[in-house]
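What follows is the residue order along each chain.
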Amino acid sequence: QSLSCDRHKAVVSTQSTGTVWHYRREILRHLNLDLQEEMRFTESVIDDQPKNYQVWHHRRCIIEMSGDPSQELKLTSWTLSSDAKNYHAWDHRQWVLSQYKLWDNELEYIDKLLDADLRNNSAWNHRYFVIENSLGWNKDRIAQELEYAGSYIKKAPNNESSWNYARGIIKKNKMKYLDFPYLKDLCTSLNEAHVPSPFLL
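Residues numbered from 1 in each chain as written. Predicted model: local features only at pLDDT ≥ 70, side-chain atom pairs only at ≥ 80, totals over all residues. Heavy atoms only, no water.

Participant: Help me out: how do you make sense of helix α4 (residues 53-66) in this one?
Facilitator: The α-helix winds at 3.6 residues per turn, so residues separated by three or four positions along the chain end up facing the same way. Here α4 is 14 residues long and its end C-alpha atoms lie 20 Å apart, about the 20 Å a rise of 1.5 Å per residue gives. Every buried residue belonging to α4 is among Q54, V55, W56, H58, R59, C61, I62 and I63, and all of these are buried. As for α4, its buried residues are in contact with α2 (18-31), α3 (35-48), α5 (72-82) and α6 (87-100). Where α4 starts, the residue carrying a side-chain oxygen 2.9 Å from the main-chain nitrogen of Q54 turns out to be N52. Following α4 by one or two positions, G67 has its phi on the positive side, about 75°. (Helix = DSSP H or I, 4+ residues; strand = E, 2+ residues; numbered from the N terminus. Expected span 1.5 Å × (residues − 1). Buried < 20%, exposed > 50% of the residue type's maximum accessible area, 1.4 Å probe, protein only. Contact = heavy atoms within 4.5 Å. Polar contact = N/O pair within 3.5 Å; in protein donor to acceptor, adjacent residues only side chain to side chain.)

Structure, rendered in C-alpha cells:
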C-alpha cells in the first residue's frame, strides 16, 4: 500500500495547514507504510515549497517514527544552498543536530558557508548555536572564536555579522574586550589605519 498516488500528492502539497498532514501521519502509522518512501515524498514537496512549515514538521515526525536522520544534513545543506536564510531549513538542521548529536563536521560546514559569503548572518548565528550546544564556552574557546571572528573582520571591517558574533560571545560570558589582547589590538590597528567602520566606535 502507498500514499504516493498523484491525487493525494496534489492535495497534500497544496496544504499549508496541519490537518491533512496529521491525517497522512495517522495513515502511515496504522497501515505501517514505507517511511523511506514518505521521506522521498517530503523531499519533493520541500523542493516545491521550501518555506512550508507543515512539510518540515511532518518530516520531523517521520524521522522520529523511523529513527533515521541520516539524510537531513544533506537535505538542509541543499535547501540552504538555494536560500541561505530559510528559517525552516535552519530550524530543522538545528533540531537534527541537537536530537541526534551530529555535531562532528558542523563547524567545517559553517566554515564553507562563511568562506562563500562572510555576510551570511544565518551562518554566524548557527556557529554560535553549535558551540553553545556542543563544545561549550571556556576562556580558550572564547579566545579562539574571537580570533576567528577577527579574521573575518579584517576582510570586511564594515560587516556587521562578524562584529555581532564577537559582541555576542563577550556579552554572553560577561567579559570585556580588554580581556582579550587580540581583539583589543585588532581594534587599535583598524583605528590607526583610519578604517571607516562604525563598529569600532
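On we go from here.
Participant: Would you take a moment to explain the packing of aromatic side chains for this structure?
Facilitator: Each pair of aromatic rings is reported with the distance of its centres and the angle of its planes. This structure, assessed with the given rule, holds nine aromatic pairs. Taking 5.0 Å as the distance between ring centres and 50° as the angle between the ring planes, the aromatic pair formed by W124 and Y165 counts as tilted. Residue W124 is found in helix α8 (residues 121-135), and its partner Y165 is found in helix α10 (residues 160-172); the two are separated by 41 residues along the sequence. Each member of the pair W124 and Y165 is classed as buried. Measuring from ring centre to ring centre gives 6.4 Å for Y128 and Y165, while their planes differ by 90°; the resulting arrangement is edge-to-face. Highlighted residues: Y128 in helix α8 and Y165 in helix α10, separated in sequence by 37 residues. (Phe/Tyr/Trp six-rings, centres within 6.5 Å; stacked < 30°, edge-to-face > 60°.)

Participant: Would you mind showing me how to read the packing of α8 against helix α9 (residues 139-155) here?
Facilitator: Each pair of packed helices can be summarised by the angle the axes make with each other and by the distance between the axes. As a packed pair, α8 and α9 sit with axes 13 Å apart at the nearest point and diverge in direction by 165°. Looking at the two axes, α8 sits roughly antiparallel to α9. Between α8 and α9 lies a crossing whose hand is right-handed. Between α8 and α9, the residues in contact are W124, R127, I131 and L135 and R141, E145, Y148, A149 and Y152, respectively. Counted by class, the contact of α8 with α9 contains six nonpolar, no polar and three charged residues. (Axes fitted to C-alpha atoms, helices over the stretch in contact; angles between N-to-C directions. Parallel < 35°, antiparallel > 145°, perpendicular 65-115°, else oblique. Left-handed = near helix turned anticlockwise from the far one by under 90°. Nonpolar A, V, L, I, M, F, W, Y, C, P; charged D, E, K, R; others polar.)

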